[in-house]
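Architecture at a glance
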Amino acid sequence: MCNLHLLNMKIKNIAALFAGVVLITTSANAQKKTFQKDEFKQWAQTPPMGWNSWDCYGPTVEEHEVKANADYMAKNLKQFGWEYVVVDIRWFVENDKAGGYNQTDPRYVIDQYGRYLPAVNRFPSAKNGQGFKPLADYIHKKGLKFGIHIMRGIPKKAVEDKLPIKGTNGITADQVYSTALQCEWLKDNYTVVADKPGAQEYYNSIFELYAQWGVDFIKIDDLSRPYHEGEINLIRNAIDNCGRKIVLSTSPGETPIEAAPHVTTHANMWRMVDDVWDTWPHITHLMDVAQKWYPYIAPGTWPDCDMIPLGRISIRGERGEDRMTRLTKDEQYTLITFFNIFKSPLFFGGDLPSNDAFTLSLLTNKNVVKMHNESTDVKQLFQKDGQIAVTSKNAKDGSIYLALFNISDSVSQNVSVNLSDLGISGSAEVLNMWTNEKSKTTSTTITADLKPHSSVLYQIKSKK
């Protein structure tokens, strides 16, 4: 009888313990916010601005380098609106290499649910299963935001080992994948088949983890070409149900213009072209492709020009040797002027602590930052004969912005715009936004004599 009494007491205690677990779990789930359709657009009402490790460190960036760039941003750039610090590709590989990827014998770090974890030999604070939370905390304490890069899909390692998918009743990774449409240039992952049981739960599980770490921004690669609508739907659902505001960037380009109605309702930013490096043809190709995306520039959803390949790049990068950007100063002004007037997200690709004074000046011009944040009605007036004109407005102060470009290779050109095309009649005050030179015009046109590859950026106010 006594033994039976003890057994009953143990059963009651175990039942109470499980009841407590259920109550705790239910309470935690109740506290997790579910975001409504299109609410994500509120998280990026102005184009996101930050730093990304890819251009200078490729797939090999280490924690101390991320912290050094965060420190620089907090000290020198935060006041101008720069806030995201993003760890790019393959942070979960212990033995990656510069100048490409180690796809021969990569050592992946992965948890029991098939979710990548930071390589501790590169990110020491991730020890003891802490993931990126300590690094995110470090960045958040500086008033900045933390981001990571992932590849679309589910790890091959998880499929091969038939790892369970968290949140399912026995579904394993090998039940949700396909080898079809696997990324052509990096073979870490397989495609997730969107309508398979467990597919949504897999994406839910990784964003649950990222939310716990404190991730504010995620760049997801191999989504846009071809356009993976099914997986993008899974990702959007997962973010909206993870309880944390995580800005979504799809990558790389070229995002098909036919996908514009979908991408503008599922992502905060999307790439228009492949990687933009420090060569002139990359810039002119971007300007050409961007022509079809002007109508889709809107608060919360931004066509993305890619990272800014200025300053010191390729320290351990994919393209070329350690160097300061190969673009001339005129070309650097042209690139940064176009990115800003187009209202692209701005993610600096160079090593921030290596900046010289000129590079820093391109990122901290108050008038240019104001235009980037506040302008509306961005449109291209023309792109022909090596000349481009782009304009926008600032409803807050009545300014008209005008960027003129000479993209020809060998001929100086007078690039001219009728003031009436800008809605201006009579005299006007003109500010050169890079030199701060002020002038007045009573002419019916505004004209700039531009050398090859050069540009000018004006703020114009009508004087009636």
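Predicted, not measured: the structure shown is a model, and the values here were computed from it. (Residues numbered from 1 in each chain as written. Predicted model: local features only at pLDDT ≥ 70, side-chain atom pairs only at ≥ 80, totals over all residues. Heavy atoms only, no water.)

To continue, consider the overall build of the protein. Scanning the protein from N- to C-terminus turns up twelve helices and 21 strands. Its C-alpha atoms give the protein a radius of gyration of 25 Å, within 12% of the compact-globule value 23 Å for 464 residues. Across its three principal axes, the protein shows a C-alpha extent of roughly 105 × 45 × 40 Å. Classification of the 464 residues of the protein by burial places 54% in the buried group. Accessible surface, the protein: about 19,700 Å² in total, of which carbon and sulfur atoms supply 51%. Averaging the locations of the 52 positively and 52 negatively charged side chains of the protein gives two centres separated by 7 Å. (Helix = DSSP H or I, 4+ residues; strand = E, 2+ residues; numbered from the N terminus. Rg over C-alpha atoms; globule rule 2.2 N^0.38 Å. Buried < 20%, exposed > 50% of the residue type's maximum accessible area, 1.4 Å probe, protein only. Areas by Shrake-Rupley, 256 points an atom, 1.4 Å probe, with all protein chains shown as cover. Lys, Arg positive; Asp, Glu negative; His and termini not counted. Charge placed at Lys NZ, Arg CZ, Asp CG, Glu CD.)

Here, UniProt's "domain: Alpha galactosidase C-terminal" (unreviewed entry) annotation points to residues 385-460. In residues 385-460, the share of helix is 0% and the share of strand is 59%. The end C-alpha atoms are 25 Å apart. (UniProt positions renumbered as here; feature names shortened; annotations may be inferred.)

Let's shift gears to the pairing of strand β14 (residues 376-384). When β14 meets strand β15 (residues 387-394), the two strands line up antiparallel, connected through six bridges. Across the sheet, the residue bridging to Lys 384 is Gln 387, located in β15. Linking two consecutive strands that pair antiparallel, namely β14 and β15, is a turn of two residues; a positive phi of about 50° is found at Asp 385 within it. (Pairing = 2+ DSSP bridges.)

All right, on to the packing of helix α9 (residues 280-290) against helix α10 (residues 329-341) then. Relative orientation and spacing of two packed helices are given, respectively, by the angle between their axes and the distance between those axes. The N-to-C vectors of α9 and α10 enclose an angle of 25°; their axes lie 11 Å apart at closest approach. Considered as vectors, α9 and α10 are oriented roughly parallel to each other. When the axes of α9 and α10 are compared, the crossing they make is left-handed. Together, Trp 280, Ile 283, Leu 286, Met 287 and Ala 290 of α9 and Glu 331, Thr 334, Leu 335, Phe 338 and Phe 339 of α10 make up the contact between the two elements. Residues belonging to the contact of α9 with α10 are distributed by class as follows: eight nonpolar, one polar and one charged. (Axes fitted to C-alpha atoms, helices over the stretch in contact; angles between N-to-C directions. Parallel < 35°, antiparallel > 145°, perpendicular 65-115°, else oblique. Left-handed = near helix turned anticlockwise from the far one by under 90°. Contact = heavy atoms within 4.5 Å. Nonpolar A, V, L, I, M, F, W, Y, C, P; charged D, E, K, R; others polar.)

At a minimum axis separation of 10 Å, helix α3 (residues 63-77) and helix α4 (residues 133-140) run at an interaxial angle of 15°. In terms of orientation, α3 and α4 fall into the roughly parallel class. Judged by the sense of rotation from one axis to the other, the crossing of α3 with α4 is right-handed. Along its contact with α3, which presents Glu 63, Val 66, Lys 67, Ala 70 and Asp 71, the element α4 presents Leu 135, Tyr 138 and Ile 139. Across the contact of α3 with α4, the residue classes tally to five nonpolar, no polar and three charged.

Here we take up the sheet that holds β14. The strand order across the open sheet built from six strands is β14-β15-β16-β21-β18-β19, with neighbouring strands paired in antiparallel fashion. One side of each edge strand has no neighbouring strand; the edge strands of this open sheet are β14 and β19 (438-441). Pairwise comparison of adjacent strand axes, ignoring direction, gives a mean angle of 25° for this sheet. Sheet topology places strand β18 (residues 427-432) next to β19; four bridges connect them, and they run antiparallel. Looking at β19, one finds that Glu 429 is bridged to Lys 440.

Bringing the packing of aromatic side chains into the picture now. As enumerated under the stated definition, the model contains 26 aromatic pairs in all. Relative to Phe 342, the ring of Tyr 294 has its centre 5.0 Å away and its plane inclined at 80°; by these criteria the two rings are edge-to-face. Here Tyr 294, found in the loop between α9 and β10 (302-304), pairs with Phe 342, found in the loop between α10 and β13 (346-348); they are 48 residues apart in sequence, far enough to count as distant. Of the two residues, Tyr 294 and Phe 342, neither departs from the other in class, the shared state being buried. Grouping aromatic residues by their ring pairs yields a cluster made of Trp 91, Phe 92, Tyr 108, Tyr 116, Phe 123, Phe 132, Phe 146, Phe 207, Tyr 210 and Trp 213. Sitting over the ring of Phe 40, Arg 236 keeps its end group 4.1 Å from the ring centre. (Phe/Tyr/Trp six-rings, centres within 6.5 Å; stacked < 30°, edge-to-face > 60°. Lys NZ or Arg CZ within 6 Å of the ring centre and 35° of its normal.)

Attention now goes to the nonpolar core. With 127 residues, the main nonpolar core has Trp 82, Trp 91, Ile 148, Phe 207, Tyr 210, Ile 218 and Phe 338 as its most contacted residues. The residues that make up this core include at least three from each of domain 1 (39-364) and domain 2 (382-462). Among all residues touching Ile 218, those that are not within four sequence positions of it are Ile 148, Ile 150, Phe 207, Tyr 210, Ile 239, Ile 246, Val 247, Leu 248 and Ser 249. (Core = buried A, V, L, I, M, F, W, Y, C linked by side-chain atoms within 4.5 Å. Domains from an automatic or database assignment.)

With that settled, the discussion passes to the pattern of salt bridges. Applying the stated rule across the entire model yields 30 salt bridges. A salt bridge links Glu 94 to Arg 107; the nearest nitrogen and oxygen atoms lie 3.0 Å apart. Separated by 13 residues along the polypeptide, Glu 94 in the loop between β2 (84-87) and α4 and Arg 107 in the loop between β2 and α4 bring together distant segments of the chain. Given the relative accessible area of 30%, Glu 94 is considered partly exposed. For Arg 107, a relative accessible area of 43% translates into the label partly exposed. For Asp 222, the salt bridge is made with Arg 152, and the minimal N-O distance between the two is 2.6 Å. (Salt bridge = Lys/Arg side-chain N within 4 Å of Asp/Glu carboxyl O.)

Along the polypeptide, Gly 131 turns up in the loop between β2 and α4. Between the alpha carbons of Gly 131 and Gln 79 there is a distance of 29 Å; along the sequence they are 52 residues apart. Setting aside chain neighbours within four positions, we find Gly 131 in contact with Pro 118, Ser 125, Ala 126 and Trp 213.

The next subject is α9. Listed as buried for α9 are Trp 280, Ile 283, Leu 286, Met 287, Val 289 and Ala 290. For α9, the elements touching its buried residues are α10, β14, β15 and β16 (399-406).

Further remarks concern the domain arrangement of the protein. Assigned domains within the protein: domain 1 (39-364) and domain 2 (382-462). Domain 1 puts 16 residues into the contact, and the matching count from domain 2 is 17 residues. Note on domain 1 versus domain 2: buried area summed over both sides is about 1,400 Å², and carbon and sulfur give 66% of it. The three residues of domain 1 that bury the most area against domain 2 are Trp 280, Thr 337 and Ile 341, which together make up 40% of that side's buried surface. Taken together, domain 1 and domain 2 are joined by one salt bridge. Linking Lys 451 and Asp 330 is a salt bridge whose minimum nitrogen-to-oxygen distance equals 3.4 Å. Taken together, the links from domain 1 to domain 2 amount to eight residue pairs in polar contact (both at pLDDT 80 or more). Counting residues per element, the ones that place at least two in the side of domain 1 that touches domain 2 are α9, α10 and α11 (357-363). (Buried area = accessible area lost by both parts, 1.4 Å probe. Polar contact = N/O pair within 3.5 Å; in protein donor to acceptor, adjacent residues only side chain to side chain.)

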